[in-house]
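Residue-level listing of the chains:
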Amino acid sequence: MSIHKYEVLLKVVELGSLTRAAEELGFTQSGVSHIIHGLEREFGFPLLLRDRSGVRLTTNGERVLPPMRETVNWNEQLKQVVSSIHGLTSGVIRIGTFTSVSVHWLPGMIKDFQRDYPGISFRLVEGDYEQIEDWLAAGEIDCGFMTLPARGSFEIVPLRQDRMLVIVPPDHPLRQAAHFPLERIGEEAFIMPREGSDYDVRRVLEHTGITPDVHFVLGDDYAIIAMVENGLGISILPELVLQGRDHNAGMLELEQPAFRSLGLAVQSMSKASPATRRFLQYVEHWVQSTNKESRNES
């Protein structure tokens, strides 16, 4: 059975559409359908169900997907081992990431890495903390940025302690204060990140024993900032989210300083592909250099 057919099926399942998978893979839709039908004939049972909303796996399809994905991953690792013998000239690194890392870190990291390894390509998948951990555990990504401690059992390269800051509207009476009093958090309208992205904020609140008066729940950090700017409440966000963005919200450190711990995780360092292991080294060095520059500027 061809691993190439597995790759096509995985792409169809990922995108939920034969048409979109064909476009991304550079095939015709009929070509993708032909490959899937051929795979179903080899297996002896249907793999996909088709309806108006797209395609989804059959029960049997769900059973064969994990070993199929593992086979594709091991094949990619084999290609990268061969490539590394020739100087790491090709490969793909699949990274799970979230908005603040995608905006402030990844462009510089990838630029530095591809300067030395131009043949390595990247596939970035954005999600919340919970999704990234699930993708990593399932082998859908090679490494993932996450906040620590993680729920799963991964090998993690610690990267940075990121301050958690209270953000307040432009006309808030405490905007110019040295810090934000803890008791005030429970007295004001609060804007909470949605479930899956709220771990860091909930850790802060649980540590202080404060129950916020939640008026809004939003999934986008920059939407939260916009709500605060318009006087609809206060919130708590990581410093990395807030830096380098032109906004009118006030930023204050908590009365008891709090941080989130950021790291880059893999399932297993020994099983990670050569390109992924090399990228982890670059990331660690890049963050250390960036942190040092930040300390020097301050």
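Note that the structure is predicted; figures quoted are calculated from it, not measured. (Residues numbered from 1 in each chain as written. Predicted model: local features only at pLDDT ≥ 70, side-chain atom pairs only at ≥ 80, totals over all residues. Heavy atoms only, no water.)

Along the protein chain, the regular secondary structure elements total 12 helices and 10 strands. Residues classed as buried in the protein chain amount to 48% of the 298 residues present. Sequence separation of 24 or more characterises 70% of the internal contacts of the protein chain that already satisfy a separation of 6 or more. Accessible surface, the protein chain: about 15100 Å² in total, of which carbon and sulfur atoms supply 49%. (Helix = DSSP H or I, 4+ residues; strand = E, 2+ residues; numbered from the N terminus. Buried < 20%, exposed > 50% of the residue type's maximum accessible area, 1.4 Å probe, protein only. Contact = heavy atoms within 4.5 Å. Areas by Shrake-Rupley, 256 points an atom, 1.4 Å probe, with all protein chains shown as cover.)

With mixed pairing, 6 strands are arranged side by side in an open sheet as β4-β3-β5-β10-β6-β9. For this open sheet the edge positions go to β4 (120-126) and β9 (235-238), each flanked by a neighbour on one side alone. Taken pair by pair, the neighbouring strands of this sheet meet at an average axis angle of 30 degrees, ignoring direction. Bridging between strand β6 (residues 155-168) and strand β10 (residues 250-266) involves 13 bridges; their strand directions are antiparallel. Bridging from a neighbouring strand, L165 pairs with E253 of β10. In the packing of helix α10 (residues 221-229) onto the sheet, the strands contacted are β6 and β9, and the crossing angle to β9 comes to about 140 degrees. (Pairing = 2+ DSSP bridges. Axes fitted to C-alpha atoms, helices over the stretch in contact; angles between N-to-C directions.)

This part covers the nonpolar core. Residues I93, W105, M109, F145 and F279 are the most contacted members of the largest nonpolar core, which totals 38 residues. Those elements that place two or more of their residues in this core are β3 (91-97), α6 (106-116), β4, α7 (129-138), β5 (143-148), β6, β10 and α12 (274-297). A per-element tally of this core places α12 first, with 6 residues. Ignoring any residue separated from it by four or fewer positions in sequence, one finds W105 in contact with S100, F145, L159, R160, L240, L262, W286 and V287. (Core = buried A, V, L, I, M, F, W, Y, C linked by side-chain atoms within 4.5 Å.)

In this section: the packing of aromatic side chains. The relative placement of two aromatic rings is captured by the distance of their centres and the angle of their planes. All chains considered together, the criterion is met by 10 aromatic pairs. Ring geometry for F113 against Y117: centres 5.1 Å apart, planes inclined by 35 degrees, an arrangement best described as tilted. A ring pair is formed by Y117 and Y282, whose centres lie 6.1 Å apart and whose planes are at 75 degrees; its orientation type is edge-to-face. In this pair, Y117 sits in the loop between α6 and β4 while Y282 sits in helix α12, placing the two residues 165 residues apart along the sequence. A relative accessible area of 14% places Y117 in the buried class. (Phe/Tyr/Trp six-rings, centres within 6.5 Å; stacked < 30°, edge-to-face > 60°.)

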